[in-house]
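Observations on the model geometry
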Amino acid sequence: MDTKDLLQKILASPSTAAFSKIRYVRSQMNEEEQAQFLNKLYVAAVEAREAGKLDGIADLLEEWEAKGLALAGARARAPEVGPTPWAPLRVPIRRAKIALVTTGGFYLEGQPPYETDGPEGLGDWSYRAIPRDAPRDKIKVAHLHYDLSGPREDINCVFPLDRFAELEREGVIGRLAETNYSFMGYIQRPDLLMAETAPQVARLLKADGVDAVFLTST
Amino acid sequence: MIEQVGIPTVDVMMYGEMAAKVKPPRVAHVRFPFGRPLGEPGNADQQRVIIEDALRILETATEPGTVVSLPYRWRREDYALIRRQRAGRER
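Here the residue numbering is sequential within each chain, running from 1 through the sequence in written order. Think of it this way: whatever chain is written first is A, whatever ligand is written first is 1, and the rest follow in order. Totals for whole chains, interfaces and linings use all residues, but because this is a predicted model, local features are given only for residues with pLDDT of at least 70 and pairs of side-chain atoms are given and counted only at 80 or more.

1. A look at the overall build of chain A
- Broken down by element type, chain A carries seven helices and seven strands.
- Secondary structure elements are taken from DSSP: a helix is a run of H or I of four residues or more, a strand is a run of E of two residues or more, and numbering for both begins at the N terminus. Ordered by position from the N terminus, the helices and strands of chain A form the series α-α-α-α-β-β-β-β-α-α-β-β-α-β.
- Counting other C-beta atoms within 10 Å of each residue's C-beta, where C-beta atoms are placed from the backbone, gives the exposure class: buried for 20 or more, exposed for 12 or fewer, partly exposed between. Sorting the 218 residues of chain A into buried and exposed places 35% on the buried side.
- A pair of residues counts as a contact when their C-beta atoms, built from backbone coordinates, are within 7 Å of each other. Taking the contacts inside chain A whose residues are at least 6 apart along the sequence as the reference set, 74% of them involve residues at least 24 apart.

Rendered as structure tokens:
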């Protein structure tokens, strides 16, 4: 098996989601770079055993993660980033109606799931409305580009419906909105998100009288 | 988009590079390694600390493009202790 095949297998398997942050080594780099990564990882492992500490491995993984992300970022079509918009908070948090919005890929049983890669591997920019009291076993998650084991066990890792219901009960926030929203966010086409589906969700939130939005990005 | 219709937002992000590129209005940056921006399954204390910090940023940020990097360690922080300390201060 050559290096590319080996890396494909390791880095693409959902069961090795620990590699999710260095997945771009597989998808963005050429075979020579991938072989270099594996060689350096091997050397770092041997050094770690001799030195009795793992910092070298952790540093190496962070370095390659950053390299891969930089390549993916440079190649993704960047959104038209004008000046950052700004809406001041007009209602204190303790009286605010807050909605949750996430890119985590949640949908309700019965709704169509997302195209996790979509045509050209560019993902799916649609959204799903998730009611705050949806039975938790009916909330599904579909996303190829992050480790789903966390939210499958506890949705609050990514989409904190229960935590926000508690915050409401405790009076820390005014209310959790009845309707919250999930996208299946994959960074390759943020321009489509900006042009199509995000404005729809923004209008729905506005119509619902939401005072603030709590976003989680995956 | 959401900010543009007049609704303030805060975004909990794990990738600092994306925050720099996309420049959301307010960001809570966490250095957790896996796809769990708010913390580990079942760890309500951790989730609450991150959420409350992000809500604090929502309340106090004044500059578009504010990014606050939260200092917590992923697994070895005592989040229950942090919550007790906060509750103690609020009395």
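Moving on from the model shown.
2. A few points about the overall build of chain B
- Secondary structure summary: chain B contains three helices and three strands in total.
- Reading the secondary structure of chain B in the N-to-C direction produces β-α-β-α-β-α.
- The C-alpha extent of chain B, read off along each of the three principal axes, is 35 × 35 × 20 Å.
- For chain B, with 91 residues in total, the buried portion stands at 40%.
- Once local pairs closer than 6 in sequence are excluded, the contacts in chain B between residues at least 24 apart make up 53%.

3. Focus on the environment of Y127 of chain A
- Relative to the helices and strands, Y127 of chain A is located in strand β3 (residues 124-131).
- Along the primary structure Y127 of chain A and L161 of chain A are separated by 34 residues, whereas in three dimensions their C-alpha atoms are 17 Å apart.

4. Looking at the confidence of the model for chain B
Residues and elements named next belong to chain B.
- By definition, pLDDT measures how confident the predictor is in each residue, and it falls between 0 and 100. The pLDDT averaged across chain B works out to 92; a share of 99% of its residues lies at or above 70.
- Within chain B, the lowest mean pLDDT, 78, falls on helix α1 (residues 16-22), and the highest, 98, falls on helix α2 (residues 44-60).
- Across the predicted assembly, pTM comes out at 0.81 and ipTM at 0.96.

5. Section: helix α6 (residues 161-169) of chain A
- By the burial criterion, the buried members of α6 of chain A are L161, R163, F164 and L167 of chain A. One face of α6 of chain A carries all of its buried residues, which in axial projection span an arc of 160 degrees.
- As for α6 of chain A, its buried residues are in contact with β1 (97-102), β5 (175-176) and β6 (179-184) of chain A together with α2 of chain B. What the arc measures is the spread of directions leading from the helix axis to the C-beta atoms.

6. Examining the interface of chain A and chain B
- Contact residues are listed per partner, giving 43 residues for chain A and 40 residues for chain B.
- Elements with a contribution of two residues or more to the side of chain A that touches chain B: α4 (55-75), α5 (149-153), α7 (190-207) and β7 (212-216) of chain A.
- In terms of residues, the side of chain A that touches chain B owes the most to one element, α7 of chain A, which gives eight residues.
- Paired strands, in this sense, are two strands between which DSSP finds at least two bridges. Here β7 of chain A runs beside strand β1 (residues 9-13) of chain B; their pairing, made up of four bridges, is parallel.

7. A look at the nonpolar core
- A set of buried Ala, Val, Leu, Ile, Met, Phe, Trp, Tyr and Cys residues, joined through C-beta atoms within 7 Å, is what we mean by a nonpolar core. Counting 63 residues, the largest nonpolar core has I98, A99, L205 and V213 of chain A together with V12 and A54 of chain B as its most contacted members.
- Take this core: its biggest share by element is six residues, from α2 of chain B.
- Boundary definitions for the domains trace back to an automatic or database domain assignment. Structurally, this core is a two-domain feature, drawing no fewer than three residues from each of domain 1 (3-75) and domain 2 (93-216) of chain A.
- Those residues in contact with V213 of chain A that lie beyond four places of it in its chain are I98, A99, V101 and L205 of chain A together with I2, I7 and T9 of chain B.

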